[in-house]
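Listed here are the chains, written in short residue letters.
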Amino acid sequence: MIKIKPEDVSEMVLNLLEKHVPNLLLAAVVLIAGWWGISRFTKFLTRVMKKREMDVSLIPFIIGICNYGLKVLLVISVASMIGIATTSFVAVLGAAGLAVGLALQGSLANFAGGVLILIFKPFKVGDLIQSQGFSGTVSKITILNTEITTPDDNTAIIPNGIVANDKILNYTQKDIRRVDLEIGVAYGTDIDEAKKVIYQTLKKVEGVLENPTPFVSILSFGENGIILVVRPHCKSEDYWDVYFRSNEALYIAFKEADIKIPFPQREIQVIKS
């Protein structure tokens, strides 16, 4: 039986302390200082993003990714300082990250698309857009999906990965929008008189802007009458109100001015043999 002397135990403990305590103390200092530095950095990054008026939905995600990523790197660095082999640990993390990435590649694509939308802002909540065959008002932008309220009060939920890589038509990005109307008048109508009635009527329509001046001209010659194009301008948020008001006002004005609006008709000739 091997007898261990107290002097040997004391010497062994002293050797271990002499060998590892400096590394443990240094690791503890690095961990505390690093944790404090990461906290200060994330607060600074938050202030910078708020100052640059970055979307409030995006800030927590970026801060969270930076915070947890830096803390993981800090823990790995501290572990290597106290003699823990980190090679296998990093390999396990890499393999786990790859597996999760492959399993969630669709969600990650939507996440990346959401980040791009929130950073570059091709549209914002309240904008009227067209994407993926849907037209409507953007009601919500999350990190994974964009919600659009269609004109018939339905909700279209489109993944951000598709939206970010698709063509987007933003109707309300500019403050002023043109309203395109087409109105038919019967052949034989005095075009100058019809244009005069249109101009006078548009001046009375609420929401129609004086500048740019409304444009009225002949668009084409239809089967049953002459097609006039009428293009007033309005504020983007007043588009549909101006569209319907203008149609109604022009119909009433034409009726009062006795300007005929054409309707489908056929002329039949009977030839006697």
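Refer to the structure printed above.
These lines cover the structure that appears in this document, whether it is placed above or below. Quantities reported herein were computed from a predicted structural model and do not represent experimental measurements.

1. Brief notes about the packing of aromatic side chains
Next, step 1: Across all of its chains, the model carries five aromatic pairs by this definition.
Next, step 2: Here the aromatic rings of Tyr243 and Phe244 are separated by 5.3 Å at their centres, their planes lie at 85°, and the arrangement is edge-to-face.
Next, step 3: Overall, Tyr243 belongs to the partly exposed group, its relative accessible area being 24%.
Next, step 4: Residue class for Phe244 comes out exposed when judged on its relative accessible area of 52%.

2. Let's talk about the sheet that holds strand 8 (residues 215-221)
Next, step 1: Taken in spatial order, the three strands make up an open sheet running 7-9-8, and their pairing is antiparallel. Each having just a single partner strand, strand 7 (181-185) and strand 8 make up the two edges of the open sheet. With direction set aside, neighbouring strand axes in the sheet form an average angle of 30°.
Next, step 2: Looking at chain direction, strand 7 and strand 9 (residues 226-231) are connected through five bridges and run antiparallel. Paired with Ile183 across the bridge in strand 9 is Leu228.
Next, step 3: The strands touched by helix 6 (residues 191-204) are strand 7, strand 8 and strand 9; relative to strand 9, the strand with the most contacts, the crossing angle is about 30°.

3. Overview of the pairing of strand 3 (residues 145-149)
Next, step 1: Every second residue of strand 3 is oriented toward a common face, the buried set being Thr146 and Ile148 and the non-buried set Asn145, Glu147 and Thr149.
Next, step 2: Examined bridge by bridge, strand 2 (residues 134-141) and strand 3 share four bridges and lie antiparallel to one another. Note that in strand 3 the partner of Val138 across the bridge is Ile148.
Next, step 3: Between the antiparallel neighbours strand 2 and strand 3 lie three residues.
Next, step 4: Pairing analysis gives five bridges linking strand 3 to strand 4 (residues 155-159), with the strands arranged antiparallel. Residue pairing in the sheet places Ile148 in a bridge with Ala156 of strand 4.

Rules of the game
- Residues numbered from 1 in each chain as written.
- Predicted model: local features only at pLDDT ≥ 70, side-chain atom pairs only at ≥ 80, totals over all residues.
- Heavy atoms only, no water.
- Phe/Tyr/Trp six-rings, centres within 6.5 Å; stacked < 30°, edge-to-face > 60°.
- Buried < 20%, exposed > 50% of the residue type's maximum accessible area, 1.4 Å probe, protein only.
- Pairing = 2+ DSSP bridges.
- Helix = DSSP H or I, 4+ residues; strand = E, 2+ residues; numbered from the N terminus.
- Axes fitted to C-alpha atoms, helices over the stretch in contact; angles between N-to-C directions.
- Contact = heavy atoms within 4.5 Å.

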